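Report on the structure
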Amino acid sequence: MVFAQVGPGSEPPVNDPDVTVRAPSLPVITDDENLFEAFGGREGLVKIMDDFMERLVVNPATKPFFENSDKERVKLQLVEQLCVIMKGPCTYSGRSMAEIHRGMNVSERAFYALVEEFQRSANKMNVPFRAQNRLIAALAPMHRDIIDR
Ligand code: HEM
């Protein structure tokens, strides 16, 4: 049996019957990606969240969830949380994703509508696609804690 040379962090060859394929590794954001800077730092994130929240209260799929929420608080918590995920100099003081979203009955449709609105806001602020995709990949595993049905 010939094994492909795999470097650190790469996936095992999936077509090898001797290799048990486990869960795919989760996307990890490394310090050298400068994602936080690509999003314009804290100031950039604040602008993106302002635009994002305006969209969330208009989009029919997300409006029912956000229209009566404390929008200023949610925006601030999102800035902190995204900053932490992107290895920026912040601390997240909000509750866990599961705790916040439990019982909200967030559907898959609402989840993807939210992601689309986020992309619209990020595009408007000229965040490079690669940086957007890296962030979205890091957020995707959270959907288990957010979607109810
Ligand atoms: C990856 C996707 C998501 C992330 C990272 C996220 C993150 C957050 C954060 C950080 C907060 C504020 C936490 C706090 O106040 O302590 C929050 C609140 C909230 N989220 Fe999400 N969320 C996501 C997806 C969604 C989706 C898809 C919906 C519904 C369509 C949703 C609905 C809400 C609502 C309504 C609140 C306000 C709760 C309240 O006022 O107590 N979230 N979310």
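Now for a quick tour of the structure.

The rules behind the values
- Residues numbered from 1 in each chain as written.
- Predicted model: local features only at pLDDT ≥ 70, side-chain atom pairs only at ≥ 80, totals over all residues.
- Heavy atoms only, no water.
- Helix = DSSP H or I, 4+ residues; strand = E, 2+ residues; numbered from the N terminus.
- Near = heavy atom within 4 Å.
- Polar contact = N/O pair within 3.5 Å; in protein donor to acceptor, adjacent residues only side chain to side chain.
- 1 Å grid on protein atoms, 1.4 Å probe; cavity = no way out; pocket = protein on both sides within 12 Å on 5 of 7 lines; lining within 4 Å.
- Sits in = over half its atoms within 2 Å of the grid points.
- Nonpolar A, V, L, I, M, F, W, Y, C, P; charged D, E, K, R; others polar.
- Expected span 1.5 Å × (residues − 1).
- Contact = heavy atoms within 4.5 Å.
- Axes fitted to C-alpha atoms, helices over the stretch in contact; angles between N-to-C directions.
- Parallel < 35°, antiparallel > 145°, perpendicular 65-115°, else oblique.
- Left-handed = near helix turned anticlockwise from the far one by under 90°.
- Phe/Tyr/Trp six-rings, centres within 6.5 Å; stacked < 30°, edge-to-face > 60°.
- Buried < 20%, exposed > 50% of the residue type's maximum accessible area, 1.4 Å probe, protein only.

Okay, the environment of K124 next. Turning to its location among the elements, K124 is positioned in helix α6 (residues 108-124). Along the sequence, K124 and I48 sit 76 residues apart, while their C-alpha atoms lie 8.4 Å from each other.

A few words on the site of the ligand. Near the ligand there are 21 residues, and of these F65, F66, R73, I100 and H101 occur at the shortest range. Contacts to the ligand include R95, whose backbone N or O atom sits 3.3 Å from an oxygen atom. When atom positions are compared with the pocket grids, the ligand is found to occupy the largest pocket. For the shell around the ligand, the secondary structure elements donating two or more residues are α3 (63-66), α4 (71-85), α5 (97-101) and α6. Residue composition of the shell around the ligand, grouped by class: 14 nonpolar, five polar and two charged.

Attention now moves to α4. Across its 15 residues, α4 extends 21 Å between first and last C-alpha, which sits within 8% of the 21 Å expected from 1.5 Å per residue. Packing partners of the buried residues in α4 comprise α1 (35-38), α2 (41-56), α5, α6 and α7 (129-139). In the segment just after α4, K87 is the residue with positive phi, at about 65 degrees.

So, on to the packing of α6 against α7. Put simply, α6 and α7 touch, their axes get as near as 11 Å, and they point 150 degrees apart. Looking at the two axes, α6 sits roughly antiparallel to α7. When you trace α6 past α7, the crossing you get is right-handed. Contacts from V115, F118, Q119, A122 and N123 in α6 reach F129, Q132, L135 and I136 in α7.

Moving on: the packing of aromatic side chains. One pass over the full model with this rule turns up three aromatic pairs. The interplanar angle of 90 degrees and the centroid separation of 5.7 Å between the aromatic rings of F52 and F118 together place this pair among those described as edge-to-face. Highlighted residues: F52 in helix α2 and F118 in helix α6, separated in sequence by 66 residues. Side by side, F52 and F118 carry an identical accessibility label, which is buried. Taken together, F39, F52 and F118 form an aromatic cluster joined through their ring pairs.

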